[in-house]
Amino acid sequence: MTNPVNDGIFLKACRGEKVERIPIWFMRQAGRSLPGYRKLRETHDVLTLTQTPELAAQVSMEPVERLGVDAAILFADIMLLPIAMGVEVKIVEGVGPVIDKPIENPDAIVRLKSFDPRNIAFLQETIRILRSKLEVPVIGFSGAPFTLASYLIEGKPSRTWLATKRFMLEHSEAWYTLMTLLSEAIVAYLHAQVEAGVQAIQLFDSWVGALSPAEYRQYVLPHMQRIFSALKNEKVPRIHFGTHTAGLLRDFADVDCEVIGVDWRIGLADAKDRIGGKALQGNMDSAILLAPWETIQETVDSMLKEINPKQGYIFNLGHGVLPEIDDQKLKKLVEYVHST
Ligand code: CP3
């Protein structure tokens, strides 16, 4: 049986409504250093875990049970979509996603198969299990087309994205084709997740901050606008997240979505100014959690002073939880944010 839609503080804040308590969850809260996940990793690799519904659901639920966060995120990876499109991806320990045959030239795009939701039936099953067991909402997600394209073209994580930029600038027609293919797949992939029961969706454009505002407008923004407009039909809050996006936020605000997620490189008041009436999610520097508790508390206090945190705001980190963070600190942070 599916629990009734939980209309708790997370979904309310996404819709810009007033809340009694500030909602909080963490990007990359599932997995990482949580003990239940570490134990499962002794016997299973990451991809196998994401493809095994009972276990994936267990990993998604662990932070809800241990930390008391207000939303669960589906335990999956942004590379599951390219995998469902026929790309061979390995997750290499200490590196991340690695692809044997990256898309090095325009001709290679034909190797991408169109997305068939039957290839992610396991994810839909995970979502159904989560909905039957959890009272907090479940967030579904996808990588955004720029971030996905960057892995497909680079073949591995990059911090300069030069192959990606070169492809984008040198083969702008093929870039458009690739972005269009990925965008259509993303819409279908997220539709399948909503159909199975996720109550909010987030697009991770983790690496798009590598572009200048002019490049963003020319090569990415039109695709984001089409994706988010298509997703309006899903009738769940849509969260648009990226890092290094301070200079892109006014363009982000030109995309039809409910929530914008920001990292710590911009203050919350400034971010709010740039995104207009949309809800805001973020943005504590993940590294602050390495500091003594007093520093963490002061950081939270000064963040929350910048905005009205009980309307249209969701507390989160500016990017993912670092693997070295002690979960007791995360738990204390959840309790503190809830108590303010
Ligand atoms: O962190 C982000 O920027 C969010 C978007 C993103 C995800 N995966 C979402 C995710 C990105 C950019 C990836 C790619 C990826 N996949 C990386 C990063 C590589 C790089 O370029 O720096 C890595 C290391 C993976 C492999 C992976 N995915 C592992 C080892 C795990 C297990 C948990 C962990 O982080 O150790 C995942 C799961 C994963 N990837 C989740 C999400 C939202 C699951 C939910 C969660 O962790 O909360």
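Our subject in this report is the structure included herewith.

Each value, and the rule that gives it
- Here the residue index of a chain counts from 1 through its sequence in written order.
- Per-residue local features are limited, in this predicted model, to residues with pLDDT of at least 70; the limit for side-chain atom pairs, both in listing and counting, is 80 or more; totals at the level of whole chains, interfaces and linings are taken over all residues.
- To get the side-chain values, all heavy atoms of the structure are used, and hydrogens and water are removed first.
- Pairing of aromatic rings covers Phe, Tyr and Trp, the last counted by its six-membered ring, and requires centre-to-centre distances within 6.5 Å; plane angles under 30 degrees mean stacked, over 60 mean edge-to-face, and any other angle means tilted.
- Labels follow the DSSP assignment, with helices taken as runs of H or I lasting at least four residues and strands as runs of E lasting at least two, numbered in each case from the N terminus.
- Throughout, exposure labels follow a simple rule: accessible area from a 1.4 Å probe, protein chains only, divided by the maximum for the residue type, with under 20% read as buried, over 50% as exposed, and the rest as partly exposed.
- Positive charges come from Lys and Arg alone, negative charges from Asp and Glu alone, with His and the N- and C-terminal ends not counted.
- Any Lys or Arg side-chain nitrogen found within 4 Å of a carboxyl oxygen on Asp or Glu counts as a salt bridge.
- Think of a polar contact as two N or O atoms within 3.5 Å of one another; within protein, one of them needs to be a possible hydrogen donor and the other a possible acceptor, and neighboring residues in sequence only count if both atoms come from side chains.
- Contacts: residue pairs with any heavy atoms within 4.5 Å of one another.
- By definition here, a helix of n residues has an expected span of 1.5 Å times n minus one.
- When we speak of the arc, we mean the arc of directions from the helix axis to the C-beta atoms.

## With respect to the packing of aromatic side chains
Next, step 1: The full count for this structure, using the stated rule, is nine aromatic pairs.
Next, step 2: Connected via pairs of aromatic rings, a cluster forms that spans F141, F204 and F241.

## Comments concerning the side chain of D205
Next, step 1: Note on placement: D205 falls in strand β5 (residues 200–205).
Next, step 2: The buried charged residue D205 lacks any salt bridge partner; its closest oppositely charged side chain belongs to R159, at an N-O distance of 12 Å.
Next, step 3: Side-chain polar atoms of D205 contact the side chain of T147, separated by 2.6 Å.
Next, step 4: Not counting chain neighbours up to four residues away, the residues in contact with D205 comprise A144, F146, T147, V220, M224, F241, G242 and T243.

## Details of the pattern of salt bridges
Next, step 1: Here the structure, examined in full by the defined rule, presents 13 salt bridges.
Next, step 2: E17 serves as the salt-bridge partner of R15, at 2.9 Å between the closest nitrogen and oxygen.
Next, step 3: With a shortest N-O distance of 3.2 Å, K90 and D100 are connected by a salt bridge. Remark: D100 occurs in the loop between β3 (96–99) and α6 (121–133) and K90 occurs in strand β2 (residues 89–92); sequence separation between them is ten residues.
Next, step 4: For K90, a relative accessible area of 45% puts it in the partly exposed group.

## Describing helix α14 (residues 293–305)
Next, step 1: The end-to-end C-alpha distance of α14, which contains 13 residues, comes to 18 Å, matching closely the 18 Å that a straight helix rising 1.5 Å per residue would cover.
Next, step 2: Residues of α14 that are buried include every one of W293, I296, T299, V300, M303 and L304, and no others. Buried positions in α14, seen along its axis, are confined to an arc of 125° and lie on one side of it. Facing away from the buried side of α14, by more than 90 degrees, are the exposed residues E294, E298 and K305.
Next, step 3: In this structure, the buried residues of α14 make contact with α13 (268–275), β8 (279–284), β9 (313–317) and α15 (327–339).

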